[in-house]
Amino acid sequence: MAFDKDAFLTALDSMTVMELNDLVKAIEEKFGVSAAAMAAPAAAGGGAAAPAAEEKTDFDLVLQEAGANKVAVIKAVREITGLGLKEAKDLVDGAPKTVKEAMPKADAEAAKKKLEEAGAKAELK
């Protein structure tokens, strides 16, 4: 079976960030590799300064304030966390609270954007 690179690249181009994240995880599991390990040798060229330049990879999404449209914020929290209606409402009512912990940067930014579009104030820690 011949591998069609163009078809593969076209398929990648049409995937969402979440689908790409799932694909990377599946590749890591299947072949026993880590995408993070590939970036580390390139950064190590800086010598002693490399550990100080290390970038944070896991972020906590914190809901600071629900805002005026609380119903939309509750829906966004449910979508992000998979919580039930009562649990999501309690989380929103108890703001400031951590919505989700140890998220990859891309997922955390997307979730923060979703909350902000719903009218909430959120931050990444």
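In the block above lies the structure referred to throughout.
All of the points below concern the structure found in this document. Note that the structure is a prediction, hence the values are computed from the model and not measured.

Conventions we followed
- Residues numbered from 1 in each chain as written.
- Predicted model: local features only at pLDDT ≥ 70, side-chain atom pairs only at ≥ 80, totals over all residues.
- Heavy atoms only, no water.
- Helix = DSSP H or I, 4+ residues; strand = E, 2+ residues; numbered from the N terminus.
- Contact = heavy atoms within 4.5 Å.
- Core = buried A, V, L, I, M, F, W, Y, C linked by side-chain atoms within 4.5 Å.
- Buried < 20%, exposed > 50% of the residue type's maximum accessible area, 1.4 Å probe, protein only.
- Pairing = 2+ DSSP bridges.
- Axes fitted to C-alpha atoms, helices over the stretch in contact; angles between N-to-C directions.

**Some details on the side chain of asparagine 21**
Phase 1: With respect to the helices and strands, the residue asparagine 21 is situated in helix 2 (residues 17-31).
Phase 2: Excluding anything up to four places from it in sequence, asparagine 21 contacts Pro104 and Asp107.

**Remarks on the nonpolar core**
Considering soluble globular proteins, one finds that nonpolar side chains tend to be buried as a cluster.
Phase 1: Ranked by internal contacts, the top residues of the largest apolar core, which has 20 residues, are Leu61, Leu63, Val73, Val77, Val92, Val99 and Leu115.
Phase 2: At the level of elements, strand 1 (58-65), helix 4 (70-81), helix 5 (85-93), strand 2 (97-104) and helix 6 (105-117) are the ones that each hand at least two residues to this core.
Phase 3: At five residues, helix 4 tops the list of elements feeding residues into this core.
Phase 4: Look past the residues within four positions of leucine 115 in its chain and what remains in contact with it is Leu61, Val73, Ala76, Val77, Ile80, Val99, Ala120 and Ala122.

**So, the sheet that holds strand 2**
Phase 1: Across the sheet, which stays open at both edges, the three strands sit in the order 2-1-3 with antiparallel pairing between neighbours. The open sheet terminates on both sides in strands that have one partner only, identified here as strand 2 and strand 3 (121-124). Pairs of neighbouring strands in the sheet enclose a mean axial angle of 20°, with direction left out of account.
Phase 2: Here strand 1 runs beside strand 3; their pairing, made up of four bridges, is antiparallel. When the bridges of strand 3 are listed, glutamate 65 appears paired with lysine 121.

Coordinates in, geometry out; function isn't part of it.
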